[in-house]
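Observations on the three-dimensional arrangement
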Amino acid sequence: MEYRDMGKTGVKTSLLGFGCMRFPTKKTDNGDVIDRELASKMLDEAIKSGVNYIDTAYPYHNGESEAFLGEALKAYPRDSFYLATKLPMWDVHKKEDVRRLFNIQLERLQTDHVDFYLMHALGRERFDEAVKNEVREVLEELRAEGKIKYIGFSFHDNYDAFEYIIKYYDWDFCQIQYNYMDVNDQAGFKGYKLAEELGVPMVIMEPIKGGSLVNYSDDIRDEFMKYDPDNSIASWALRWVGTHPNIKVVLSGMSSMEQVKDNLKTFNNFKPLSDEDKAFLDKMIEKIKSKVNNGCTGCRYCMPCPHGVDIPRNFSLWNNFGMYHNPNDLNFHYFGQMRGAHSDASACKGCGLCETKCPQKLPIREHLKKLDEEFSAYDRR
Ligand code: SF4
Ligand code: SF4
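Residues numbered from 1 in each chain as written. Chains lettered and ligands numbered in written order. Predicted model: local features only at pLDDT ≥ 70, side-chain atom pairs only at ≥ 80, totals over all residues. Heavy atoms only, no water.

Quick notes on the packing of aromatic side chains
- The tally for this structure, following the rule as stated, stands at 35 aromatic pairs.
- Ring centres of Phe 116 and Tyr 150 lie 4.9 Å apart, and the angle between their planes is 45°; on these two criteria the pair is classed as tilted. Taken together, the positions of Phe 116 in strand E8 (residues 114-122) and Tyr 150 in strand E9 (residues 148-155) put the pair 34 residues apart, joining distant regions of the chain.
- When its relative accessible area of 0% is taken as the criterion, Phe 116 is described as buried.
- On the basis of relative accessible area, Tyr 150 is assigned to the buried category, the value being 14%.
- Seen in terms of ring centroids, Tyr 216 and Tyr 324 are 6.3 Å apart; in terms of plane orientation they differ by 50°. Their pairing is tilted. Taken together, the residues span a long stretch of sequence, with Tyr 216 in the loop between strand E11 (202-205) and helix H8 (218-227) and Tyr 324 in helix H12 (residues 311-324) at a distance of 108 residues. (Phe/Tyr/Trp six-rings, centres within 6.5 Å; stacked < 30°, edge-to-face > 60°. Helix = DSSP H or I, 4+ residues; strand = E, 2+ residues; numbered from the N terminus. Buried < 20%, exposed > 50% of the residue type's maximum accessible area, 1.4 Å probe, protein only.)

Observations concerning the sheet that holds strand E7 (residues 82-87)
- Spatially, 8 strands are ordered E3-E6-E7-E8-E9-E10-E11-E12 in a closed barrel, and the strand pairing comes out parallel. Sheet twist, expressed as the average angle between the axes of neighbouring strands with direction ignored, equals 25°.
- Where E7 meets E8, 4 bridges bridge the pair, whose relative direction is parallel. Considered in E8, the bridge of Lys 86 is made with Leu 118.
- Its contacts with the sheet place helix H10 (residues 257-268) against strand E3 (16-19) and strand E12 (247-253), and it is angled at close to 160° to E3. (Pairing = 2+ DSSP bridges. Axes fitted to C-alpha atoms, helices over the stretch in contact; angles between N-to-C directions. Contact = heavy atoms within 4.5 Å.)

Digging into the domain arrangement of the chain
- Each assigned domain of the chain is listed here: domain 1 (3-283) and domain 2 (311-378).
- Computed from C-alpha coordinates alone, the two centres of domain 1 and domain 2 are separated by 32 Å.
- The interface of domain 1 with domain 2 comprises 9 residues on the first partner and 4 residues on the second.
- Carbon and sulfur atoms supply 50% of the area buried between domain 1 and domain 2, which totals about 560 Å² over both sides.
- Contact with domain 2 buries surface across domain 1, with Met 181, Ser 212 and Asn 215 losing the most and accounting together for 58% of the total.
- The interface formed by domain 1 and domain 2 holds 1 residue pair in polar contact (both at pLDDT 80 or more) in total.
- The residue makeup of the side of domain 1 that touches domain 2, split by class, is 3 nonpolar, 5 polar and 1 charged. (Domains from an automatic or database assignment. Buried area = accessible area lost by both parts, 1.4 Å probe. Polar contact = N/O pair within 3.5 Å; in protein donor to acceptor, adjacent residues only side chain to side chain. Nonpolar A, V, L, I, M, F, W, Y, C, P; charged D, E, K, R; others polar.)

Focus on the nonpolar core
- Formed by 89 residues in total, the largest nonpolar core has its most connected members in Phe 18, Ile 54, Phe 153, Phe 162, Trp 171, Tyr 180 and Phe 224.
- With 7 residues, the single largest contributor to this core is helix H9 (residues 233-242).
- Grouped together as the second largest cluster of nonpolar side chains are 22 residues, Cys 305, Phe 315, Phe 321 and Leu 362 included. (Core = buried A, V, L, I, M, F, W, Y, C linked by side-chain atoms within 4.5 Å.)

A few points about the pattern of salt bridges
- Within this structure, the stated rule accounts for 36 salt bridges.
- Ionic pairing is found between Lys 41 and Glu 37, a salt bridge with its closest N-O pair at 3.6 Å. With Lys 41 and Glu 37 both in helix H1 (residues 36-48), this residue pair falls 4 residues apart, about one helical turn.
- By relative accessible area, which is 58% here, Glu 37 ends up exposed.
- In this structure, the salt-bridge partner of Glu 223 is Lys 287, at a minimum N-O distance of 2.8 Å. Here Glu 223, found in helix H8, pairs with Lys 287, found in helix H11 (residues 275-289); they are 64 residues apart in sequence, far enough to count as distant.
- Through salt bridges with shared partners, one network takes in Arg 99, Glu 141, Glu 145 and Lys 147. (Salt bridge = Lys/Arg side-chain N within 4 Å of Asp/Glu carboxyl O.)

Quick look at the site of ligand 2
- Not every one of the 15 residues close to ligand 2 is listed here, only the nearest: Cys 296, Cys 299, Arg 300, Cys 302 and Cys 358.
- Ranked by residues supplied to the shell around ligand 2, first place goes to H12 with 3 residues.
- Broken down by class, the residue content of the shell around ligand 2 amounts to 11 nonpolar, 3 polar and 1 charged. (Near = heavy atom within 4 Å.)

Notes on the environment of Gln 177
- Along the chain, Gln 177 falls in strand E10 (residues 173-177).
- Gln 177 sits in the partly exposed class, given a relative accessible area of 26%.
- Once you skip the residues sitting within four places of it in the chain, Gln 177 turns out to touch His 156, Gln 186, Met 205 and Glu 206.
- For Gln 177, the side chain forms a polar contact with the side chain of His 156, separated by 3.3 Å.

Have a look at this one:
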């Protein structure tokens, strides 16, 4: 297992971290619950192979992730792993909420301390609220009581917000989403460089973009496998992230034993990408990007549509689907959220107003019709 020095914390973390938001589940009369037998075996396989960073959060699996870990991790000495969990910032409305929520988490996790504690999913607004509610001050109190070791944050907003937040306090670590297709999204590479300069070690979430970076069309898959037949397509995404020296933990939300074993193979004998590998991957990134269906830039000049169609979101999904072929993602967004809100392409009445405003001169009506037809084949409702 590859280990990294976690900067100012002074601890050594395994580069592969177990993300506990996508455990395998099974159906019961009370809905979907974690398949605890299989999830325990997966954790065991990972821990025995040297994974020492376990990352969960208050809302994962509707709270069951923390409770499951509380049981499962009893099998291992408490000082043999680092436990990371996150304060649900959306539930913090006043200072007192911090300790109340933290205590619930300690109880669920059946432990007396959390090693890495994060303010969950910070953006600029949520952070301002946290400052107002003196969240950091309470976390320092908890640290002084020995209940928290390291204080960090996870992040979802733009670069400016990232710069503001990371410079506001002296953080022990931070967690961002980062992958080879989205180096300019959210904190992005610029955020990575800033954290490195400031000496704040990084944990990365969604290195495989929620599974999208393995769901390529056959020609793309074939090319990856021809270049490196011994390693999975997922391993490229993990190695790309792990090649950055200030990234100390790459979280993978593993859902099957197969994924655990594949990830262990990548990190047990970790090889950073060589110059040749990087050149190959750059070429593949361009090929993947060329699979977009139209040139919508997301500028929103076409909006609002008088009939409620969210035109840029429809095109963003269509373009992502062209690149990643991820039917789960499609079902969640298109048939789950957008169809319910009547903002999907099928709500278009063909008035043509949007086309008079699009600087890219896109045939919006024709493309909406096309994407709706294409997506219908994947409707799992
Ligand atoms: S053509 Fe369709 S998408 Fe465009 S404004 Fe009219 S109803 Fe909305
Ligand atoms: S105006 Fe054109 S390019 Fe801009 S979001 Fe609308 S469809 Fe996309």
